[in-house]
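Residues per chain are reported as follows:
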Amino acid sequence: FVRRAHELGLRVLLSIAHDCAACCEDGLPGQFFPEGEAGFHPTTGARLFDFSRQEVLRYLLSSIAFWMNEYGVDGFRFQGVTSIIYGDHGMWVP
């Protein structure tokens, strides 16, 4: 798909959700996600990555590098950026 798009002069963007992960009990709290309530999105219940941990950053950046190196993806659209940047997940309550 990507190669054919490039042949046609098109660029390929991949939409990724690095703001959170599916909620499951997989034994990873404290490794990739904060423990307790801080590890869950208040609205969706999805697991929130702990961006202060080097292994989380390494994991997410290696995912991006994989899509670029293996498939030639040209760029990315990041979903849920407010959850990555703001501690209140972009939900301002007056």
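These lines cover the structure that appears in this document, whether it is placed above or below. (Residues numbered from 1 in each chain as written. Predicted model: local features only at pLDDT ≥ 70, side-chain atom pairs only at ≥ 80, totals over all residues. Heavy atoms only, no water.)

1. Some thoughts on the nonpolar core
At step 1: In this structure, Phe-32, Phe-33, Phe-49, Val-56 and Leu-60 together form the largest nonpolar core, which totals five residues.
At step 2: Once residues lying within four places of it in the same chain are set aside, the contact partners of Phe-32 are Leu-48, Phe-49, Asp-50, Glu-55, Val-56 and Tyr-59. (Core = buried A, V, L, I, M, F, W, Y, C linked by side-chain atoms within 4.5 Å. Buried < 20%, exposed > 50% of the residue type's maximum accessible area, 1.4 Å probe, protein only. Contact = heavy atoms within 4.5 Å.)

2. Looking at a nonpolar patch on the surface
At step 1: Taken together, the side chains of Phe-78, Val-81, Ile-84 and Ile-85 make up a nonpolar region of the molecular surface, amounting to roughly 320 Å² of accessible area.
At step 2: The element that contributes the greatest number of residues to the nonpolar patch is helix 3 (residues 81–85), accounting for three residues.
At step 3: Checked against the element boundaries, Ile-84 lands in helix 3.
At step 4: For Ile-84, a relative accessible area of 30% translates into the label partly exposed. (Patch = residues over 30% accessible without salt bridge, like charges linked within 9 Å, V, L, I, M, F, W, Y side chains within 5 Å. Areas by Shrake-Rupley, 256 points an atom, 1.4 Å probe, with all protein chains shown as cover. Salt bridge = Lys/Arg side-chain N within 4 Å of Asp/Glu carboxyl O. Helix = DSSP H or I, 4+ residues; strand = E, 2+ residues; numbered from the N terminus.)

3. Quick look at the pattern of salt bridges
At step 1: Taken as a whole and assessed by the stated rule, the structure comprises two salt bridges.
At step 2: Of the charged contacts, one joins Glu-7 and Arg-4 as a salt bridge, the two residues approaching to 3.3 Å between their closest N and O atoms. In this pair, Glu-7 and Arg-4 both sit in helix 1 (residues 2–7), three residues apart, roughly one turn of the helix.
At step 3: A relative accessible area of 53% means that Glu-7 is categorised as exposed.
At step 4: Since its relative accessible area comes to 48%, Arg-4 is described here as partly exposed.
At step 5: The closest approach of N and O atoms between Arg-53 and Glu-55, which form a salt bridge, is 2.5 Å.
At step 6: Residue Glu-55 is classed as partly exposed on the basis of its relative accessible area of 27%.

4. Overview of the side chain of Asp-50
At step 1: Looking at the element boundaries, Asp-50 is found in the loop between strand 3 (47–48) and helix 2 (54–71).
At step 2: A polar side-chain atom of Asp-50 sits 2.6 Å from a polar atom in the side chain of Ser-52.
At step 3: Once residues lying within four places of it in the same chain are set aside, the contact partners of Asp-50 are Phe-32, Phe-33, Pro-34 and Val-56. (Polar contact = N/O pair within 3.5 Å; in protein donor to acceptor, adjacent residues only side chain to side chain.)

5. Let's talk about the packing of aromatic side chains
At step 1: Counted under the stated rule, the structure contains nine aromatic pairs.
At step 2: Connected via pairs of aromatic rings, a cluster forms that spans Phe-32, Phe-33, Phe-49, Phe-51 and Tyr-59.
At step 3: Taking the ring centre of Phe-40 as reference, the NZ or CZ of Arg-47 above it sits at 4.5 Å. (Phe/Tyr/Trp six-rings, centres within 6.5 Å; stacked < 30°, edge-to-face > 60°. Lys NZ or Arg CZ within 6 Å of the ring centre and 35° of its normal.)

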